[in-house]
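This is what each chain is made of:
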Amino acid sequence: MLLEAFQQSFISIFITTLNIRYYFISIRLFIIDCLFFLSDVLVIIPNVLTWYRTAHQPIEYTYGEVSYWGINKALNEIPKKHLRSFLDLGSGKGKIIFFTSLVLKLDSTGVEISKKLIRFGNILNKLFFVKKAHFINKDIVNYSLPDVDVYFFAGTCFSTQTLEYIKSELSKKTHQFYILSTSKPFEETTYNIINYFYVPCTWGSTTLYIQEKNADIGS
């Protein structure tokens with residue numbers, strides 16, 4: 001337990017160090033991250049007292065965050081003309097949504113199953129007037145995926161049913177888009193892998209895959 005706590009603390013410090021450069025770009029992002037940190041501290045005791053419940057939640061409630069550095073590195077691989085909108089499926093607290101909207105100036109939307117996390121994200125959104133950040137409280141399988149430039153999700157945290165739904169929704173798209181997925185590529189035979197690399201995240205590190213789907217001819 002002590003070793004695990006030390007490892008998590010080291011990872012948090014390392015990711016915070018990577019994030020410092022982005023705070024100079026957006027002071028609002030820095031303040032929002034400070035508030036997220038404060039909220040984490042305030043819920044430590046409730047989380048310990050309810051460890052059994054949280055340990056036995058459905059897989060869709062699994063929580064983790066990819067570093068800003070990792071997301072930024074991946075999005076830099078995408079041509080600017082195809083980088084205007086961003087959709088995070090399973091957006092959690094919404095940290096990536098705030099980052100992509102405030103620092104990268106993307107029209108960003110987060111879809112999250114947890115009402116509590118969406119409520120907190122919406123409060124911060126209104127408090128700091130982040131016009132390009134949007135939060136939607138829905139189970140992904142009840143959400144019709146819009147046409148965006150980049151779809152981001154951690155496939156290993158989704159059930160087979162959810163992954164099949166995402167696959168079905170994306171198969172209807174005729175525009176050019178990109179997929180960012182962690183740990184493993186998404187439908188490798190359908191979407192071309194243009195790059196992949198290791199990135200730091202709250203659970204250690206993961207492989208972030210960048211895949212591309214070209215626009216259908218005539219669309």
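Structural data are supplied above this passage.
Residues numbered from 1 in each chain as written. Predicted model: local features only at pLDDT ≥ 70, side-chain atom pairs only at ≥ 80, totals over all residues. Heavy atoms only, no water.

Caption draft 1: Spatial organisation of the environment of Gly 94. Tracing the sequence through the fold places Gly 94 in the loop between β1 (85–89) and α6 (95–102). For Gly 94, a relative accessible area of 0% puts it in the buried group. Spatially, the C-alpha atom of Gly 94 lies 8.6 Å from that of Glu 112, the residues being 18 residues apart in sequence. (Helix = DSSP H or I, 4+ residues; strand = E, 2+ residues; numbered from the N terminus. Buried < 20%, exposed > 50% of the residue type's maximum accessible area, 1.4 Å probe, protein only.)

Caption draft 2: The arrangement of the environment of Glu 169 in detail. You can see Glu 169 is positioned in helix α8 (residues 160–171). On a C-alpha basis, the gap between Glu 169 and Tyr 143 in space is 9.5 Å, while along the polypeptide they are 26 residues apart. Not counting residues within four places of it along the chain, the set of residues in contact with Glu 169 comprises Tyr 143, Ser 144 and Leu 145. (Contact = heavy atoms within 4.5 Å.)

Caption draft 3: Just α6, in detail. Most of α6 sits inside the fold, with eight of its eight residues counted as buried. Buried residues of α6: Lys 95, Ile 96, Ile 97, Phe 98, Phe 99, Thr 100, Ser 101 and Leu 102, and no others.

Caption draft 4: Geometry of unusual backbone geometry. One non-glycine residue, Lys 105, lies in the positive phi region at around 60 degrees. The topology assignment puts Lys 105 in the loop between α6 and β2 (107–112). Phi at Phe 129 is positive, roughly 55 degrees, even though this residue is not glycine. Tracing the sequence through the fold places Phe 129 in the loop between α7 (115–127) and β3 (133–137).

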